[in-house]
Amino acid sequence: MAADTLARRLRDIVGAGHVLSEPDLREPYEGDWSGRFRGAARAVVRPADTAQVTAVVAACAEHGAPIVPQGGNTGLVGAGVPRGGEVLLSLRRLDAVGDVDAATAQVDAGAGATLAALQSAAAAAGLDAGIDFGARDSATVGGLTAADAGGRRALRHGTMRARVAGLEAVLADGRAIDRRTGVLKDNAGYDLPALLVGSEGTLGVITAVRVQLVPRLPERVVALVGLGDVEEAADLLARLRRDAPSLECADFFLDDGLQLVLDHLRLPAPLEPRAPVYVIVELAGRGDVTEELADALGEAHAVVGIDGTDRDRLWRLRESHTEAIAAAGVAHKLDVGVPLDRLAGFLDAVRETVEEAGARAVLFGHLGDGNVHVNVLGAEGDDVDEAVLRLVAERGGTISAEHGVGVAKARWLSLTRSEAEIAAMRAIKRALDPQNILNPGAVLA
Ligand code: MLT
Ligand code: ZN
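Residues numbered from 1 in each chain as written. Chains lettered and ligands numbered in written order. Predicted model: local features only at pLDDT ≥ 70, side-chain atom pairs only at ≥ 80, totals over all residues. Heavy atoms only, no water.

Participant: Tell me about the overall build of the protein chain, and please be specific about residues and values.
Facilitator: The helix and strand inventory of the protein chain stands at 16 helices and 17 strands. Radius of gyration (C-alpha) of the protein chain: 22 Å, near the 22 Å computed for a compact globule of 445 residues. If you line up the protein chain on its principal axes, its C-alpha atoms span 70 × 55 × 45 Å. A burial count over the protein chain gives 54% of its 445 residues as buried. For the protein chain, contacts bridging at least 24 residues in sequence account for 73% of all contacts bridging at least 6. Per element, the accessible surface of the protein chain, about 18,400 Å² overall, is 50% carbon and sulfur. Side chains of the protein chain carry 46 positive and 64 negative charges; the gap between the two charge centres is 5 Å. (Helix = DSSP H or I, 4+ residues; strand = E, 2+ residues; numbered from the N terminus. Rg over C-alpha atoms; globule rule 2.2 N^0.38 Å. Buried < 20%, exposed > 50% of the residue type's maximum accessible area, 1.4 Å probe, protein only. Contact = heavy atoms within 4.5 Å. Areas by Shrake-Rupley, 256 points an atom, 1.4 Å probe, with all protein chains shown as cover. Lys, Arg positive; Asp, Glu negative; His and termini not counted. Charge placed at Lys NZ, Arg CZ, Asp CG, Glu CD.)

This is how it looks when you write it as structure tokens:
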């Protein structure tokens, strides 16, 4: 009876065509990209604007119906797919990108606008979004903000948090808050947008974001550097930080990961002789940066990409790790952060732990951020996940660097967040969502 009433209310709000109840229509929204997380939604609801989101959340609150917000569904921790029985709230139709405000270099983007659309709007105004990663054509601004996404350019421009000049969100009782004033200095009260960034849909449904853009730096050069070990990679990073002020990205991968990618894409090796460790470096500036790179690299064993095609060819080897791993099986994806001076020992310990469990580890990530993507193939159960996260905790790192906690890691949050911190998080959650209807089970188990 109550279920029927809610379904009718939702149809009245968004139109019957945007409440998907049939299993085959719901199906694309119910599973994540990696194939690891899937659950049946009570219904998929596709509002067109903030007013409709407000009404949908208010109706769900009245019925005590849990909601899972979803953007481009590119997440990797199960935060954006149902666990079973929730209303799946797809924000994809809120995809408008406004005109860039030249004076502030800011733009309003709907939660459903893709990263690629944001990048195009920024480029059309002679600016740059300041954030980039492989899922750019599907990942949405709302999801980026809810997860505090990072990507390869966080080294220079920070994570999504640094790009959020303000946001609009719908709270658990259906009321909207809008902090998109475009005013840089605003310390009147608590910083609610800051609280929502990285909250993974548990404190509010983000409907629009005012994004701070950055200057466009058209002169770019990329180098793929082969190194003997991770210590050499860390030394190279230190040299680049000191001698290359135009440094924008410094990612890494290992030779077995490269081989997986080369086999998957049927490509020849980019560098001979092969090396155990590779760092891919990008410099960007207003003027030519090739000399700056050459000076910083010295005699390094490297291949350099200057024009766009060559740069993309080198980046493809790094960005295709995700796709090559997915082609090899359903991976346990552990996105972690470790202090750089402990990175080498951490990678060795992970490999040993994963191999002891009879599984295979593919390790790559964002060197400059100490951000490692530990991909485990062939693991039975979750024991190996916990063992890897314990290695992170022992080294003073974080169990989640840029993908979020989601449902995948919620039970392990206490490994790297203190009891007092978790108690504060729970108090905030209770205050903003007393019925626990916003993405229950994500972040806080
Ligand atoms: C990446 O850096 O490629 C992404 O975070 C995706 C992944 O870990 O698979
Ligand atoms: Zn990443």
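Participant: I'd like to hear about helix H3 (residues 50-63), residue by residue, with values.
Facilitator: For an α-helix, 3.6 residues make a turn, and residues three or four places apart therefore share a direction. Here H3 is 14 residues long and its end C-alpha atoms lie 20 Å apart, about the 20 Å a rise of 1.5 Å per residue gives. Those residues of H3 that sit buried are Thr 50, Gln 52, Val 53, Val 56, Val 57, Ala 59, Cys 60 and Ala 61. Gly 64 sits one or two positions beyond H3 and adopts a positive phi of about 60°. (Expected span 1.5 Å × (residues − 1).)

Participant: Give me the nonpolar core: which residues, what numbers.
Facilitator: Phe 346, Val 372 and Val 374 are the most contacted members of the largest nonpolar core, which totals 55 residues. When residues in this core are grouped by element, the largest group, seven residues, is from helix H14 (residues 343-356). With residues near it in sequence (within four places) discarded, Val 372 still touches Phe 252, Leu 334, Asp 335, Val 336, Val 338, Leu 343, Phe 346, Leu 347 and Phe 364. Core analysis: the next-biggest nonpolar cluster, separate from the first, contains 29 residues, Ile 131, Ala 149, Ile 177 and Leu 203 among them. (Core = buried A, V, L, I, M, F, W, Y, C linked by side-chain atoms within 4.5 Å.)

Participant: Could you give an account of the environment of Ala 379, naming the residues involved and the relevant values?
Facilitator: By the secondary structure assignment, Ala 379 is in the loop between strand E17 (371-377) and helix H15 (383-394). As for Ala 379 and Asp 369, which are separated by ten residues in sequence, their C-alpha atoms are 27 Å apart.

Participant: Describe the environment of Leu 432, and please don't skip the residues or the numbers.
Facilitator: Structurally, Leu 432 is set in helix H16 (residues 419-432). A relative accessible area of 28% means that Leu 432 is categorised as partly exposed. Spatially, the C-alpha atom of Leu 432 lies 47 Å from that of Asp 243, the residues being 189 residues apart in sequence. When residues no more than four places from it in sequence are discounted, the contact partners of Leu 432 are Ala 172, Leu 195 and Leu 203.

Participant: Account for the site of ligand 1, naming residues and giving values.
Facilitator: In the vicinity of ligand 1, the contacting residues are Leu 76, Arg 318, Thr 322, Lys 333, Phe 364, His 366, His 373, Glu 402 and His 403. Residue His 366 places a side-chain N or O atom 3.1 Å away from an oxygen atom belonging to ligand 1. Contact with the protein chains covers 85% of the free accessible surface of ligand 1, which is 270 Å². (Near = heavy atom within 4 Å. Polar contact = N/O pair within 3.5 Å; in protein donor to acceptor, adjacent residues only side chain to side chain.)

Participant: Would you mind going over unusual backbone geometry in detail, with residue names and values included?
Facilitator: For residues besides glycine, phi is generally negative; the peptide bonds are generally trans as well. Of note, the bond from Glu 272 into Pro 273 is cis; its omega dihedral lies within 30 degrees of zero at -5°. With respect to the element layout, Pro 273 can be found in the loop between helix H10 (255-265) and strand E13 (277-285). Backbone geometry places Asn 73, a non-glycine residue, at a positive phi of 55°. Mapped onto the secondary structure, Asn 73 falls in the loop between strand E3 (67-70) and strand E4 (87-90). Unusually for a residue other than glycine, Asn 439 sits at a positive phi of about 45°. Secondary-structure assignment places Asn 439 in the segment after H16.

Such coordinate-based values are descriptive only and should not be taken to indicate function.
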